[in-house]
Amino acid sequence: MRDRTLITTGAIGAVIAVICCMTPLLVVVFGAVGLTAWLAKADYVLIPALILCLALGAFGLYRRRMHQR
């Protein structure tokens, strides 16, 4: 995988995970629709996804820096 692709994928994944971590807001919105049971275990998935995406972006930046030397 190219370094730029790793950085882009990590950044986009981190942004999506951060947006999804706003579960209190989602609970209110989904509560109005009747879908709050879906969010019961959301934090158990979103926090590791955020960490993984941030690590992927950091790895891409590391590879880019080492490749430039």
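Scroll up to find the structure.
Keep in mind it's a predicted model, so treat the numbers as computed, not measured. (Residues numbered from 1 in each chain as written. Predicted model: local features only at pLDDT ≥ 70, side-chain atom pairs only at ≥ 80, totals over all residues. Heavy atoms only, no water.)

Colleague: When you look at the overall build of the protein in this model, what are you seeing that I'm missing?
Modeller: Scanning the protein for helices and strands turns up three helices and zero strands. Put simply, the protein runs from its N terminus to its C terminus through helices and strands in the order α-α-α. C-alpha extents for the protein along the principal axes are approximately 55 × 15 × 15 Å. Counting over 69 residues, the protein shows a buried share of 22%. Intrachain contacts of the protein at a sequence separation of at least 6 include 75% that bridge at least 24 residues. For the protein, the accessible surface area stands at approximately 5,300 Å², while carbon and sulfur atoms represent 72% of it. (Helix = DSSP H or I, 4+ residues; strand = E, 2+ residues; numbered from the N terminus. Buried < 20%, exposed > 50% of the residue type's maximum accessible area, 1.4 Å probe, protein only. Contact = heavy atoms within 4.5 Å. Areas by Shrake-Rupley, 256 points an atom, 1.4 Å probe, with all protein chains shown as cover.)

Colleague: Looking at this model, I keep getting lost on helix 1 (residues 3-20). Mind explaining?
Modeller: Side chains that are three or four residues apart share a direction in an α-helix, a result of its 3.6 residues per turn. Between its first and last C-alpha atoms helix 1 spans 26 Å; for 18 residues at 1.5 Å apiece the expected length is 26 Å, and the two agree. Every buried residue belonging to helix 1 is among Asp-3, Leu-6, Ile-7, Gly-10, Gly-13, Ala-14 and Ala-17, and all of these are buried. One side of helix 1 holds all its buried residues, which, seen down the axis, span an arc of 140 degrees. With respect to the buried face of helix 1, the exposed residues turned more than 90 degrees away are Arg-4 and Ile-19. (Expected span 1.5 Å × (residues − 1). Arc of directions from axis to C-beta.)

Colleague: I would appreciate a short explanation of the environment of Ala-42 in the present structure.
Modeller: Its location among the elements puts Ala-42 in helix 3 (residues 42-68). In this structure, the C-alpha to C-alpha distance between Ala-42 and Cys-20, residues 22 residues apart in sequence, is 8.6 Å.

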